[in-house]
Amino acid sequence: MRQRLSPSSDSQQSPLIRWISRRGLPLAGIAVIAAFVVLGRDNISFIDSSTPEAPAPAQITFDAYAKGVTSILYNAQGEIEYTLESTEQTHFLDNTTQLRDPFVRLYKGNDTRWNIIARSGKILEASDGDEIEQLDLSDSVELFQVDDFGNRMVMATDFLSIYPSDETMSTEHPVTLTSNGLYQTARGLRVDFSQDTMTFLSQVKGRYEPQQSQQ
């Protein structure tokens, strides 16, 4: 004969079960409360119903872009001071211009004194916005010059600043110079176009290797 199972007395039930039974909570409520007690509030994830914020629109930082640009600057006597070419130019709102593959020619009278190439450059405009105050060249900078006797000189560095209004250029980076068997290294360089002088600043080392005459 089957016997009906009688519910346990209150004395055999835990205080939590007795509290739930007295309030008539459903079985699902019991499971949720038990999980809340066992796991703790910090271990239960709640669904965030707030709407995510839309990403801020990208700000435009430049106002002009051009390809294949050539600039020519003349002095008060109508002579060319320098020319500047680049494959790409981007003018930014802070009044600077980024250059790609710049090529600079510096003149003295009607003769080219220096030809300078680099992979990138940056123009810092003068206060009036017309004349270049400073031109920074970087990444594989090379300078070429042929003197009055036809001697070719090549200098290389990774950074160079040109100041057209002061007729100077300088760098604090390592520099190498080669010319007719002369190989020279230094750290830092200053060139004064008006005085036609070149000064190596520190750690100057050099050697001379006579060139063999071609028969």
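The structure under discussion appears in the preceding block.
Residues numbered from 1 in each chain as written. Predicted model: local features only at pLDDT ≥ 70, side-chain atom pairs only at ≥ 80, totals over all residues. Heavy atoms only, no water.

The subject of this paragraph is the overall build of the protein. The number of helices and strands found in the protein is two helices and 11 strands. Starting at the N terminus and walking to the C terminus, you meet the elements of the protein as α-α-β-β-β-β-β-β-β-β-β-β-β. Taking contacts inside the protein between residues at least 6 apart in sequence as the whole, the part at least 24 apart equals 35%. With an accessible surface of roughly 15600 Å², the protein has 50% of that area assigned to carbon and sulfur atoms. (Helix = DSSP H or I, 4+ residues; strand = E, 2+ residues; numbered from the N terminus. Contact = heavy atoms within 4.5 Å. Areas by Shrake-Rupley, 256 points an atom, 1.4 Å probe, with all protein chains shown as cover.)

Attention now moves to the layout of surface pockets. There is about 320 Å³ of room inside the largest pocket. Listed by contribution, the elements that provide at least two residues to the lining of the largest pocket are strand E2 (80–92), strand E4 (103–108) and strand E5 (111–117). Space inside the second largest pocket adds up to approximately 240 Å³. Around the second largest pocket, the lining is made up of 17 residues, and of these Ser 71, Gln 89, Ile 123, Glu 125 and Ile 132 lie nearest the centre. Broken down by secondary-structure element, the contributors of at least two residues to the lining of the second largest pocket are strand E1 (62–74), E2 and strand E6 (120–125). The greatest single-element share of the lining of the second largest pocket, amounting to six residues, is contributed by E1. (1 Å grid on protein atoms, 1.4 Å probe; cavity = no way out; pocket = protein on both sides within 12 Å on 5 of 7 lines; lining within 4 Å. Points joined across faces, edges and corners; volume = space filled by probe spheres on them.)

The subject of this paragraph is empty space enclosed by the protein. Applying the stated rule across the entire model yields one cavity of 30 Å³ or more. In terms of lining, the largest cavity is formed by Tyr 82, Val 104, Leu 106, Ile 132, Leu 135, Ile 162 and Pro 164.

Attention shifts here to the pairing of strand E3 (residues 96–100). Bridge analysis of E2 against E3 gives four bridges, and the strand direction is antiparallel. Paired with Thr 90 across the strands is Gln 98, a residue of E3. Turn length for the E2-E3 hairpin, with the two strands adjacent in sequence and antiparallel, is three residues, and the turn residue Asn 95 shows positive phi of about 70 degrees. Here E3 runs beside E6; their pairing, made up of five bridges, is antiparallel. In the strand pairing of E6, Leu 99 is matched with Gly 121. (Pairing = 2+ DSSP bridges.)

Right, let's talk about a negative patch on the surface for a bit. A surface patch of negative charge is lined by Glu 131, Glu 133, Asp 166 and Glu 167. Relative to the elements of secondary structure, Glu 131 occurs in the loop between E6 and strand E7 (132–146). (Patch = residues over 30% accessible without salt bridge, like charges linked within 9 Å, V, L, I, M, F, W, Y side chains within 5 Å. Salt bridge = Lys/Arg side-chain N within 4 Å of Asp/Glu carboxyl O. Lys, Arg positive; Asp, Glu negative; His and termini not counted. Charge placed at Lys NZ, Arg CZ, Asp CG, Glu CD.)

Judged by side-chain polarity, Ile 60, Phe 62 and Tyr 65 come together as a nonpolar surface patch covering roughly 340 Å² of accessible area. Mapped onto the elements, Ile 60 comes out in the loop between helix H2 (27–39) and E1. Judged by its relative accessible area of 64%, Ile 60 is exposed. (Buried < 20%, exposed > 50% of the residue type's maximum accessible area, 1.4 Å probe, protein only.)

Pairing of E7 with strand E8 (residues 152–163) involves 10 bridges; the strand directions are antiparallel. Bridge pairing in E8 links Glu 142 to Ala 156. Where E7 folds back on E8, the antiparallel hairpin that results is connected by five residues, among which Gly 150 adopts a positive phi of roughly 85 degrees. Note: E8 against strand E9 (residues 168–179), six bridges, orientation antiparallel. Bridged to Val 154 within E9 is Thr 178. Hairpin connection from E8 to E9: four residues lie between these consecutive antiparallel strands, with Glu 167 at a positive phi of about 55 degrees.

We now examine the environment of Phe 92. Within the fold, Phe 92 resides in strand E2. Residue Phe 92 is classed as partly exposed on the basis of its relative accessible area of 25%. Distance from Phe 92 to Phe 62, taken between C-alpha atoms, is 3.9 Å for residues 30 residues apart in sequence. In this view, Phe 92 contacts Thr 61, Phe 62, Asp 63 and Gln 98; residues no more than four positions away in its chain are not counted.

Don't take any of this as a statement about function, it's just geometry.
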